[in-house]
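Given next are the chains, with one letter for each unit.
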Amino acid sequence: MATTAVGQPLSRVDARRKVTGTATYSAEHRIEGLLYGVIVKGTVARGTVSRISVDAALAHPGVLHVLTDFGKLQLAHPVDRLAFYGQPIAVVVAETLEAATHGASLVEATYERQDAVTDFDDPDIPSQTPADEPDYSRGDPAGALASAQVKVDLELTSARENHNPIELPSTIARWQDGRLTLWDKTQWSQGAARTVAGALGIAVTDVRVHNEFLGGGFGSGIQTYDHVVLAAFAAREVNRPVKVVLTRRQFYYGTGFRPASRHRMALGSTAAGRVSALVYEVRIENARYRTYTDGLTDLPKFLYGVPNTSTAYRITPIDVHSPASMRGPGVVLGNFALETAMDQLGHELAVDPVELRLRNEPTQDEVSQLPFSTRKLRECYQTGARRFGWSRRRAEPGTRTDGDLLIGMGMATASYHNNRRDSSARARIHADGTAEVFAASADMGPGTTTSVMQVAADALGLPASAVTFRLGDSSYPTAPLHAAACTMASVGSAAHTTCNALKAEFIRRAVADPNSPLHGANPADVQVRDGQLETSGARDTYRDILRRAGLPSLDITGNWGPGDADSRISTYGYGAVFAEVSVDPLLGLVRVRRIFAAYDVGRVISPKLAHSQAIGGMVGGIGMALLEGTVTDHRDGRIVNASLADYLVPVNADVLDLDAAFINTEDPQADPIGVKGLGEITIVGVAPAIGNAVFNATGKRLTDLPIRPEALL
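Structure report, in brief. Nothing here was measured: the structure is a model prediction, and the numbers come from that model.

Of all 12 residues in strand β25 (residues 589-600), 9 are buried; the element is thus mostly enclosed. Where strand β24 (residues 572-584) and β25 come together, 11 bridges link them in antiparallel fashion. Bridging across to β25, Ala 579 finds its partner in Ile 595. In sequence, β24 turns back onto β25 through a hairpin of 4 residues, with Gly 588 there showing a positive phi of about 75 degrees. Pairing between β25 and strand β28 (residues 658-662): 5 bridges, direction parallel. Counterpart to Ile 595 in the pairing with β28 is Leu 658.

We now examine the environment of Cys 499. Here Cys 499 lies in helix α13 (residues 487-512). Sequence separation of Cys 499 and Leu 656 is 157 residues, and the distance between their C-alpha atoms is 42 Å. Cys 499 has contacts with Ala 427, Val 437, Ala 456, Ala 459 and Leu 460, leaving out every residue within four places of it along the chain.

Moving on, we get to the packing of aromatic side chains. Taken as a whole and judged by the stated rule, the model has 13 aromatic pairs. Plain terms: the ring middles of Phe 302 and Tyr 574 are 6.4 Å apart, the flat faces sit at 20 degrees to each other, and that makes the pair stacked. Residue Phe 302 is found in helix α8 (residues 298-302), and its partner Tyr 574 is found in strand β24; the two are separated by 272 residues along the sequence. On the accessibility criterion, Tyr 574 (0% relative accessible area) is buried. On the basis of an interplanar angle of 65 degrees and a centroid distance of 4.7 Å, the ring pair of Phe 506 and Tyr 542 is categorised as edge-to-face.

Sheet architecture is open: 4 strands sit in the order β19-β18-β17-β23, paired in mixed fashion. The outermost strands of the open sheet, each flanked by one partner alone, are β19 (467-470) and β23 (553-560). Put simply, the sheet's adjacent strands are angled 15 degrees from each other on average, direction ignored. Inspection of the sheet shows strand β18 (residues 435-438) paired to β19 by 4 bridges, in the parallel sense.

Attention shifts here to unusual backbone geometry. The bulk of non-glycine residues show a negative phi, and the bulk of peptide bonds are trans. Here the bond from Leu 705 into Pro 706 is cis, since omega is 0 degrees, no more than 30 degrees from zero. Located in the positive-phi region is Asp 177, a residue other than glycine, with phi close to 55 degrees. In this structure, Asp 177 sits in the loop between β8 (170-176) and β9 (179-184). We classify Asp 177 as exposed; its relative accessible area is 80%. In this structure, Ala 350 takes a positive phi of about 60 degrees despite not being glycine. Position of Ala 350 relative to the elements: it lies in the loop between α9 (331-349) and α10 (353-359). For Ala 350, a relative accessible area of 73% gives the class exposed.

Taking 1.5 Å of rise per residue, the 13 residues of helix α16 (residues 686-698) would be expected to cover 18 Å, and the 18 Å separating its terminal C-alpha atoms lies within 8% of that figure. When α16 is considered as a whole, its buried residues turn out to be Val 686, Ala 687, Pro 688, Ala 689, Ile 690, Gly 691, Asn 692, Ala 693, Val 694, Phe 695, Asn 696 and Ala 697. Buried residues along α16 sit against α9, β16 (405-417), β24, β25, α15 (607-627) and β29 (704-705). Looking one or two residues past α16, Gly 699 carries a phi angle of roughly 80 degrees, positive in sign.

Moving on to the sheet that holds strand β20 (residues 527-529). Reading across from one edge, β20-β21-β22 is the order of the 3 strands in this open sheet, with antiparallel pairing throughout. The sheet is open, and its two edges are formed by β20 and β22 (538-541), each paired on a single side. Strand-to-strand twist in this sheet, taken as the mean axis angle between neighbours without regard to direction, amounts to 30 degrees. Both β20 and strand β21 (residues 532-535) contribute to a ladder of 3 bridges, which runs antiparallel. If you follow Arg 529 over to β21, its bridge partner there is Gln 532. Here helix α14 (residues 542-549) sits on the sheet in contact with β20, β21 and β22, set at roughly 65 degrees to β22.

It is worth spelling out the nonpolar core at this point. Membership of the largest hydrophobic core comes to 91 residues, with the highest contact counts inside it found for Met 265, Val 581, Ile 595, Tyr 599, Met 618, Leu 626 and Ile 690. Take this core: its biggest share by element is 10 residues, from α9. Val 581 has contacts with Leu 406, Ile 407, Gly 408, Val 590, Arg 591, Val 592, Arg 593, Ile 690, Ala 693, Val 694 and Ala 697, leaving out every residue within four places of it along the chain. Grouped together as the second largest cluster of nonpolar side chains are 47 residues, Leu 460, Val 467, Leu 533 and Leu 546 included.

Another aspect to go through is the environment of Thr 293. Tracing the sequence through the fold places Thr 293 in the loop between β13 (275-287) and α8. With 118 residues separating them along the chain, Thr 293 and Met 411 place their C-alpha atoms 27 Å apart.

How each quantity is defined
- Residues numbered from 1 in each chain as written.
- Predicted model: local features only at pLDDT ≥ 70, side-chain atom pairs only at ≥ 80, totals over all residues.
- Heavy atoms only, no water.
- Buried < 20%, exposed > 50% of the residue type's maximum accessible area, 1.4 Å probe, protein only.
- Helix = DSSP H or I, 4+ residues; strand = E, 2+ residues; numbered from the N terminus.
- Pairing = 2+ DSSP bridges.
- Contact = heavy atoms within 4.5 Å.
- Phe/Tyr/Trp six-rings, centres within 6.5 Å; stacked < 30°, edge-to-face > 60°.
- Axes fitted to C-alpha atoms, helices over the stretch in contact; angles between N-to-C directions.
- Expected span 1.5 Å × (residues − 1).
- Core = buried A, V, L, I, M, F, W, Y, C linked by side-chain atoms within 4.5 Å.

Right, dumping it as structure tokens:
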């Protein structure tokens, strides 16, 4: 009997190309006549360019053009004035990268400076309530908090974080016959096509974007930033293809970031550990020219059964580049505040942290008043605690040691909304019995090319080796952004639906064909395995059906969308994260010894890829908890540590023992393949689990991210 592809721990289908260097990333395409563009960035946070001198740059050998007039471009920020430090003021185009880089250093600008504020804690800058994040309240949270038997009221902060994938933002732009082709490091090829078309004032049908391979993204490639538009603009102006690749330092100014945040989280509880009140107030930094919000208040409103709850979301607009989504956007910070406060409440009550959470499990989504599609969070707690060895944790902080080190254990709950969006796919079976599936999706690392192939193979009744999933081209059928943990549920469901429709078309042709062994059979009785259609001992094949019809291939394009499912069910992924740390009390150094997490994320399509996703999320969480923080010089808005030498990210020595398990469950109400998003949830819960472990080790409740050694001395 044929083995299904879904559920098998397959290796990535593109792994060999990636490790041998034959996978071609955006900046690596060989385009005839290619020139190199380097962006010159402004060095004031607010003002105008009063004079720009390009003569020295143009005199440099190899420099062909210096473009300074962006007046006809529609960018996300103003083009007639400077709105943030690092805003592009020129593009130097040259025959070589070296010439363009040196030419850019020769461009001189003088500015009319205006008073700028880049510190969002400046008391003179008023905060605002964003239109899409109104205040929320249920019950009487103020009264319930005032009358609670036990109270916790914490102030928490987090630093700004910058994306740091391996591949830098890169774009090649080429015009031919009035049409633009881009090879771009984007997580959303069709979104990039629309943005660039709008910026240049051309039809979106005249833009095609390729993005087959991405070297990580974490949200940095969702939006289409200046360098992409300027590459296209420069290529049009000079009438030759142009490549623009940001340096690592430019990356910190040229794309978005996870905004710094300030939180107040207050919980009120009965003496028995029933949380009766939750008050959450949060504020994040924003740009003056654009409002950015994300789901900071989502989990505090939703995660536990708290009858009296209020949330208030505020933004502070300052003279900086706009924030953007970063893995677990918003949710990871709101969860840090909530889970830190829950751990403190458990300590005040002398109730085990897992038990406290179990006592506050809701029976329905208290925000929407909808039933849960699936919620196996209890099983996550139980599985995680058992496999982690939670029973060995000592409740009294600072009582477990290993030599001179203090040892602590902590845990936190994780959750993330199961995002599903309208998507399309095209499926094709060829005369040789192989199949291809197409969608304008992307794969920045989770293995989308492999996992969608597995779904398609099972739907078509073909072995995995006979099916190829093709992505990375905006001309393919519509797909949503490759972010928000929505790709598998959306694109995978579209592939599943379309492949089933194509299989049904082959069955229809076979039973209607007098020359087919299946002629006259009931289509519902026909099964397809390894490309063979069979019923009651009679067999036909995809190959023979196409041969008899004289067709080289047969394809179908199909669509899938969640419809009104979100008005009927509440569908989230869930997890329980457990961490053990050591703390050197003399040096204040924290080391993560191990992390284990158990997840309810619906059907697991590819166990090997899912485990890899979990490990990657944990590594990101370690960075958030202990290392990552962007430092700004508020005199001019310059980022001080805009390099991997100064901005700390986890390395192998920081990652000792990370593991994850997945609860056996499916969510058929959410989508036809029963999956929930996995990419985002795996970072949620990691930072508070580590922080709670530090408290268990030391008795010090640290509420500022990242946790720095000086805070423990």
